[in-house]
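# Descriptive structure summary
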Amino acid sequence: METVSLALIAILANKMRSFLTILGIVIGVTSVILLISMVSGLKTYITTQIEGLGSNLLFVIPGRIGGARSPGGVQANRLVYQDAQNLRNKLSTDAEISAAVQRNATLKFGNKSDKGAAVFGVEANYPRIISLKISGGRFFTNSDQTAAKRIAVIGKTVRSTLFGETNPLDKSLDVAGLRYT
């Protein structure tokens, strides 16, 4: 009791020092809690983004290391569709395989166009590989792929640029001179 009494007397005698000490402790603890919360939230966000892409993805890109300033190096050879088929046959129980090709192209709908849009040619299983979520319509199926139907899946930017408020489902879209639905 005597120690508590002496502590209270010292606190009351030095009010400003006591206030500043308490303020420092509160600011310090609040800062640590805030920093830990922010780091934890950022870690969760980054982990979610990587998992959305697929943390277990492997991209096979032709080329050799060195000889160019780009990260991929110099393109020494080209992969062909048969290479994807060979991988699919050898890894059928271990992995999902989708051949993919990418280029920039001009997209047109009516009198509107979107120049330099990134266009990906992929297979029907692509949404399972990269956890793709479709907000409207559907992704093409294996039977669509087998029948070589020209079906386009567009993103939000292309939709707003070319279609505005018009529903793009079942509309004809020009992709580099070829018609897609």
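Reading guide: rules and limits
- Residues numbered from 1 in each chain as written.
- Predicted model: local features only at pLDDT ≥ 70, side-chain atom pairs only at ≥ 80, totals over all residues.
- Heavy atoms only, no water.
- Pairing = 2+ DSSP bridges.
- Helix = DSSP H or I, 4+ residues; strand = E, 2+ residues; numbered from the N terminus.
- Axes fitted to C-alpha atoms, helices over the stretch in contact; angles between N-to-C directions.
- Contact = heavy atoms within 4.5 Å.
- Buried < 20%, exposed > 50% of the residue type's maximum accessible area, 1.4 Å probe, protein only.
- Phe/Tyr/Trp six-rings, centres within 6.5 Å; stacked < 30°, edge-to-face > 60°.
- Arc of directions from axis to C-beta.

Another point: the sheet that holds strand 1 (residues 101-109). Judged by pairing direction, the sheet is antiparallel, and its four strands sit side by side in the order 2-1-3-4 without closing on themselves. Edge positions in the open sheet fall to strand 2 (112-121) and strand 4 (178-180), since each of these has one partner strand only. Across the sheet, the mean angle separating the axes of adjacent strands is 40° when strand polarity is ignored. This element, helix 6 (residues 156-163), spans strand 1, strand 2 and strand 3 (173-175) of the sheet and lies at about 155° to strand 2.

Although it is not a glycine, alanine 148 sits at a positive phi angle of roughly 55°. Here alanine 148 is to be found in the loop between helix 5 (142-146) and helix 6. The class for alanine 148 is exposed, based on a relative accessible area of 60%. For alanine 176, which is not glycine, the phi torsion reads 55° and is therefore positive. Note on placement: alanine 176 falls in the loop between strand 3 and strand 4.

On to the packing of aromatic side chains. Per the counting criterion, the structure on display carries two aromatic pairs. Each ring, one from phenylalanine 109 and one from phenylalanine 163, has its centre 4.3 Å from the other, and the planes form 40°; the classification is tilted. Pair noted here: phenylalanine 109 is in strand 1 and phenylalanine 163 is in helix 6, with a separation of 54 residues, a long-range link. Residue classification places phenylalanine 163 among the buried positions, given a relative accessible area of 4%.

This paragraph deals with the pairing of strand 1. Each regular strand carries side chains that alternate between the two faces of the sheet. Where strand 1 lies against strand 2, eight bridges are found, and the strand directions are antiparallel. The residue of strand 2 that forms the bridge with phenylalanine 109 is lysine 112. Linkage of strand 1 to strand 2, two consecutive antiparallel strands, is achieved through a turn of two residues, within which glycine 110 is found at a positive phi near 60°.

Quick look at helix 6 now. All of the buried residues along helix 6 are Val158, Leu162 and Phe163. Along the axis of helix 6, the buried residues cluster in a sector spanning 85°; they form a single face. What points out from helix 6, more than 90 degrees from its buried face, is the exposed set Lys156 and Thr157. Looking at the buried side of helix 6, the elements it contacts are strand 1, strand 2 and strand 3. Among the residues trailing helix 6, glycine 164 stands out with phi positive, at a value near 60°.

Remember, this is a structural readout, not a statement about activity or role.
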